[in-house]
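# Breakdown of the fold
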Number of protein chains: 2
Amino acid sequence: MVTTAGRAPQRSPRRASISDVAQEAGVSLGTVSNVLNRPDRVSPTTRGKVLAAIEHLSFVPNGSARQLRAGTITTVGAILLDIANPFFTEVARGIEDRLAQADHTLMLASSDEDPEREARYLRLFEEHGVLGMLVTPASTDLEPLLELSRRGVGVVLLDRTSPAEELSSVAVDDVAGAAMAVEHLLSLGHRRIAFINGPQSIAQCVDRRAGMVRALEAAGLDPDEAMVEITVSSLNAEGGEAGVTELLAAGTAPSALFCVNDLTALGAMRALRSHGLAIPADMAVVGYDDVNFASMLMTPLTSVRQPTRQLGEVAADLLLKAAGPGMAAPQRIQFQPELVVRASSGGAH
Amino acid sequence: MVTTAGRAPQRSPRRASISDVAQEAGVSLGTVSNVLNRPDRVSPTTRGKVLAAIEHLSFVPNGSARQLRAGTITTVGAILLDIANPFFTEVARGIEDRLAQADHTLMLASSDEDPEREARYLRLFEEHGVLGMLVTPASTDLEPLLELSRRGVGVVLLDRTSPAEELSSVAVDDVAGAAMAVEHLLSLGHRRIAFINGPQSIAQCVDRRAGMVRALEAAGLDPDEAMVEITVSSLNAEGGEAGVTELLAAGTAPSALFCVNDLTALGAMRALRSHGLAIPADMAVVGYDDVNFASMLMTPLTSVRQPTRQLGEVAADLLLKAAGPGMAAPQRIQFQPELVVRASSGGAH
DNA sequence: TTCTGCCTGTGAACCGATTCAACGACGACA
DNA sequence: TGTCGTCGTTGAATCGGTTCACAGGCAGAA
């Protein structure tokens, strides 16, 4: 690591304000504001003088003051579970695209599955006076979000349905997705299946577990017998590695493994390999999300695909509609997932 | 896609303000403010009454008003080239960690390598009155950033060194990294090497190209002969696929391929495979960034590793130091990269 | 008893924009 | 020449906090 230092710059004493511009241009305060917001009400000569002054002072309006007075809101907040997960970055893309079209902007934050961090960002965004928030909740308690909504802040749940009718939500049917994944493994003859899952405070973990249980029961199996559940603390590659280590340490490992998401599966496969186990011969693996590199892995990963980008787009639309004039009623939208079979489950022909 | 609608909620007429709280608690405006900011100056009884009123009205202070008056700034903006790239999300993690320690918060944005989007976010952040910004510039023109810095907004260049001495920067030596990658391919006997690169408006693309040229010349080769450069418009998997398609269409493909980053390499490998070419037998591939899944790919990817998280941490530190009291002089910090040899180059033993 | 000093609490001024009632100038029209 | 309408511009009020000079009350010291 090499460092070099330059000269310390002068920090300018104060940002130019609208009255500095007015003085420089020899007009009144209100006129400058008019140039900014209703240029057609100002004569071309005056407008020219004001614009020249703005340029000269490199004036940038103070957003705090504007928002305080006018309540003009064009910012939307999004709090995602894990920004390092390609699934969520793709969702963010969808959101951002839609917001940009509507001339709004996105403030992004990652709760890292930590309810405290989530609460911090919720508060920050509310203080900032955002139009609304798109949230993938890190906890089961939706009360803070309901309160937020009652206080007039638009809230849309992302990748999570709400038991309460008061919140809009956009989600994919995780129960069905997990059931499909497990049915696939069952159809390949597996009768005991490990499940690397995250904490039950996260809705996705609850739903995917439910889907697994449903599939097992539908096949006449007792989940207590057929499902070997391992709970890890974080839904990423590290979690997956830890899960497999725990699974193998317990002995009598099942012949198949279902992971709560693809990052977890990535870590799990890494750990399986380092223990000398072949995929899918020694252990079949199925993930969830179908992230962009799933098909390119050493053993291409069987996974459950979701309409990721669309999820973000629809969520953004919902928020804009709900927060705009007219205040649309809350809507719950649910997409259906799709199983993509590849080599890791041994099911590809 | 299934949708259900609930009841439309009441939007509350107005957020509670500090004077509502004061009235409810039967104290003056200033006292409420004191409870919020200097609780020790208020007697326990009064404090209790005020806190009860705050709770009762579920009062949340208006950040715009606070910032307008007090200039209290605890928000930092970051504009990254591509938020879907694991390299940048890891950098963002580093930034966020450091900021959280200092009780600051991060507003994240992705320019998607588009200078216009970058400009929009620069303006948005400045209007919002951020303490400073961490920017991976999408264009070679640093003038807007220099102006920003002169206006008193902290600016730190991320993954990019500045020719101007006035800006702080944190970067990795891309010229050296690319040279290492190409030297590696040369040492394996390749004499013509394809290079899938991005637009020259992006500094990383310029530097990595320079590193490649340097390595070729050092080996006594003529870059015009030995380097087959293909320029793609976006530095992601789609770009990589397009690049390989173009390369193969031109005929007489080289025996090795250096990609400007790992996502590009991912797409390139996908395209090579779909054209029936074996890696590394028909085409050796080297990427850049060593993203987390590089080692887990069908053919594990040889890549150039950078101290990603540290990059973000150091950048955040620099900004906090530069923007804090004392105004430290601008610093330029440069890390050294490291080549990680795996199977995709055929160089792993 | 009076004075001093500390502790609480008050309320007006202020941050930088937006908005709007009001005003002056000017041309049109009777 | 007098009246009216239009257009362009003005400046005060306002948003919701923070800050600070100051006032009132009470205890301890003289």
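None of the values given here were measured: they were computed from a predicted structure. (Residues numbered from 1 in each chain as written. Chains lettered and ligands numbered in written order. Predicted model: local features only at pLDDT ≥ 70, side-chain atom pairs only at ≥ 80, totals over all residues. Heavy atoms only, no water.)

### Side note on the overall build of chain A
The helix and strand tally for chain A stands at 13 helices and 13 strands. Taken over the C-alpha trace, chain A has a radius of gyration of 26 Å; the compact-globule value for 349 residues is 20 Å, which it surpasses by more than 25%. Summarising its shape, the C-alpha atoms of chain A cover approximately 85 × 55 × 35 Å along the three principal directions. The proportion of buried residues among the 349 residues of chain A is 55%. Here chain A displays about 13900 Å² of accessible surface, and carbon together with sulfur accounts for 50% of that area. Across chain A, the 30 positively charged side chains and the 41 negatively charged ones have centroids separated by 10 Å. (Helix = DSSP H or I, 4+ residues; strand = E, 2+ residues; numbered from the N terminus. Rg over C-alpha atoms; globule rule 2.2 N^0.38 Å. Buried < 20%, exposed > 50% of the residue type's maximum accessible area, 1.4 Å probe, protein only. Areas by Shrake-Rupley, 256 points an atom, 1.4 Å probe, with all protein chains shown as cover. Lys, Arg positive; Asp, Glu negative; His and termini not counted. Charge placed at Lys NZ, Arg CZ, Asp CG, Glu CD.)

### Observations concerning the sheet that holds strand 7 (residues 193-197) of chain B
Residues and elements named next belong to chain B. Reading across from one edge, 8-7-9-10 is the order of the 4 strands in this open sheet, with parallel pairing throughout. Looking along the sheet, the strands with just one partner apiece sit at the ends: strand 8 (227-231) and strand 10 (284-286). Averaged over all pairs of adjacent strands, the angle between their axes in this sheet comes to 20°, without regard to strand direction. Pairing geometry for strand 9 (residues 256-259) and strand 10, over 3 bridges, is parallel. Bridge pairing in strand 10 links Ala256 to Ala284. The strands that helix 8 (residues 174-187) touches are strand 7, strand 9 and strand 10; relative to strand 9, the one it contacts most, it runs at about 170°. Across the sheet, helix 9 (residues 203-218) touches strand 7, strand 8 and strand 9, and the angle it forms with strand 7 is around 170°. (Pairing = 2+ DSSP bridges. Axes fitted to C-alpha atoms, helices over the stretch in contact; angles between N-to-C directions. Contact = heavy atoms within 4.5 Å.)

### Focus: the protein's contact with DNA strand D
Neighbouring residues of DNA strand D: 27 residues in total, closest A:Ser28, A:Thr31, A:Thr46, B:Ile18 and B:Arg69. The contact in question runs from a phosphate oxygen of DNA strand D to an N or O atom on the backbone of B:Ile18, over 2.5 Å. Take B:Asn37: an N or O atom from its side chain is 3.2 Å from a phosphate oxygen of DNA strand D. When residues of the surface near DNA strand D are traced back to their parent elements, those giving at least two are helix 2 (29-37) and helix 4 (63-70) of chain A together with helix 2 (29-37) and helix 4 (63-70) of chain B. Considering every element that reaches the surface near DNA strand D, the biggest residue donor is helix 4 of chain B, with 5 residues. (Near = heavy atom within 4 Å. Polar contact = N/O pair within 3.5 Å; in protein donor to acceptor, adjacent residues only side chain to side chain.)

### Here's the deal with helix 8 (residues 174-187) of chain A
Residue and element names in this part refer to chain A. In a regular helix each residue adds 1.5 Å, so 14 residues correspond to 20 Å; helix 8 covers 20 Å between its end C-alpha atoms and thus fits that length. Most of helix 8 is tucked away: 10 of the 14 residues are buried. Among the residues of helix 8, Asp174, Ala176, Gly177, Ala178, Ala179, Ala181, Val182, His184, Leu185 and Leu186 are the ones counted as buried. Where helix 8 begins, the capping side chain belongs to Asp173, and its oxygen is found 3.2 Å from the backbone nitrogen of Val175. (Expected span 1.5 Å × (residues − 1).)

### Structural notes on the pairing of strand 5 (residues 154-158) of chain B
Residue and element names in this part refer to chain B. The element strand 5 is extensively covered by neighbouring structure, given that 5 of its 5 residues are classed as buried. By the alternation rule, side chains of strand 5 split into Gly154, Val156 and Leu158 and Val155 and Leu157, which are all buried. Alignment of strand 4 (residues 132-135) against strand 5, held across 4 bridges, turns out to be parallel. Bridge assignment links Met133 to a residue of strand 5, and that residue is Val155. In this fold, strand 4 hands off to helix 7 (residues 143-150), which returns the chain to strand 5; that crossover is right-handed. (Right-handed = clockwise from strand over helix to strand, strands pointing away.)

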